[in-house]
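Listed below are the residues making up each chain.
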Amino acid sequence: MIPTKSFALTALALCLVLGQPALAAGPHAHEGPTATTRPQLDHGKKWPTDDVLRRGMNDISLAMRQSLGPIHSNVFTSARYEALAARIQAQVDDVVGNCKLPEQADQQLHLVLEQIIDGAARMKSGTGRDEGAIKIVRALAQYGEYFDHAGWQPLKH
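In short, a report on the structure. Everything numeric here is computed off the predicted structure, so don't read it as measured data.

### Looking at the overall build of the chain
The number of helices and strands found in the chain is 5 helices and 0 strands. For the chain, the N- to C-terminal ordering of α and β elements is α-α-α-α-α. The buried share among the 157 residues of the chain stands at 45%. Within the chain, counting contacts between residues at least 6 apart in sequence, those at least 24 apart form 69% of the total.

Structure representation (structure tokens):
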């Protein structure tokens, strides 16, 4: 039986929360080591990206950029953290379901996405919300180090 997209995404999220390797999801296999492994370059070069990935990562970056001031000022409410986490998760779901990267690039991407998913889960949980935001900012910086995304600018946290 082939899992549905929502089942696969739920299974991926559960595996990440439980510290297990990712399961297959979407139209191609999204498998990879756990987030304890750092991404690696492709023989010294950045990995390719596609429009879906660039669009999703740009939106995640924009959402975080717009939120960092209020987070640092300690005026970011629980509701705003939850809304931010939902926006980020929606972009991750879109990327996982629709990006078309070569298998090795996809595996490296999942090392970054696992950190973003974990950060979003922390923002939703009620404890460690600011640490979750920092984890996402760091993952976005890693994305820029390892993926060819013209004009990408890391955020300051």
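### Some words on the packing of helix α2 (residues 51-72) against helix α5 (residues 129-146)
Between α2 and α5, the shortest axis-to-axis distance is 10 Å and the interhelical angle comes to 140°. The angle between the axes of α2 and α5 places the two elements in the oblique class. Crossing of α2 over α5 shows left-handed handedness. Along its contact with α2, which presents Leu53, Arg54, Met57, Ile60, Ser61, Met64, Leu68 and Ile71, the element α5 presents Ala133, Ile136, Val137, Leu140 and Tyr143. When grouped by side-chain class, the residues that make up the contact of α2 with α5 number 11 nonpolar, 1 polar and 1 charged.

### Describing the packing of helix α4 (residues 103-125) against α5
Here α4 crosses α5 at 165°, and the two axes come no closer than 7 Å. Compared by their axis directions, α4 and α5 come out roughly antiparallel. The element α4 and its partner α5 pack so that their crossing is left-handed. Contact residues: Leu109, Val112, Gln115, Ile116, Asp118, Gly119, Ala120, Arg122, Met123, Lys124 and Ser125 in α4; Arg129, Glu131, Gly132, Ala133, Lys135, Ile136, Ala139, Leu140, Gln142 and Tyr143 in α5. Tallied by class, the residues present in the contact of α4 with α5 amount to 10 nonpolar, 5 polar and 6 charged.

### Brief notes about α2
Here α2 is 22 residues long and its end C-alpha atoms lie 31 Å apart, about the 32 Å a rise of 1.5 Å per residue gives. Taken as a whole, α2 carries its principal kink of about 30° at glutamine 66; the proline proline 70 stands between one and four residues after it. Looking at the residues trailing α2, positive phi occurs at asparagine 74, about 60°.

### Section: the side chain of glutamine 89
With respect to the element layout, glutamine 89 can be found in helix α3 (residues 78-98). Residue glutamine 89 is classed as buried on the basis of its relative accessible area, which comes to 19%. At a separation of 2.8 Å, a polar atom in the side chain of glutamine 89 contacts the side chain of aspartate 93.

Calculation notes
- Residues numbered from 1 in each chain as written.
- Predicted model: local features only at pLDDT ≥ 70, side-chain atom pairs only at ≥ 80, totals over all residues.
- Heavy atoms only, no water.
- Helix = DSSP H or I, 4+ residues; strand = E, 2+ residues; numbered from the N terminus.
- Buried < 20%, exposed > 50% of the residue type's maximum accessible area, 1.4 Å probe, protein only.
- Contact = heavy atoms within 4.5 Å.
- Axes fitted to C-alpha atoms, helices over the stretch in contact; angles between N-to-C directions.
- Parallel < 35°, antiparallel > 145°, perpendicular 65-115°, else oblique.
- Left-handed = near helix turned anticlockwise from the far one by under 90°.
- Nonpolar A, V, L, I, M, F, W, Y, C, P; charged D, E, K, R; others polar.
- Expected span 1.5 Å × (residues − 1).
- Bend = angle between axes of the 7 residues up to and from the residue.
- Polar contact = N/O pair within 3.5 Å; in protein donor to acceptor, adjacent residues only side chain to side chain.

So yeah, pure geometry; function would need other evidence.
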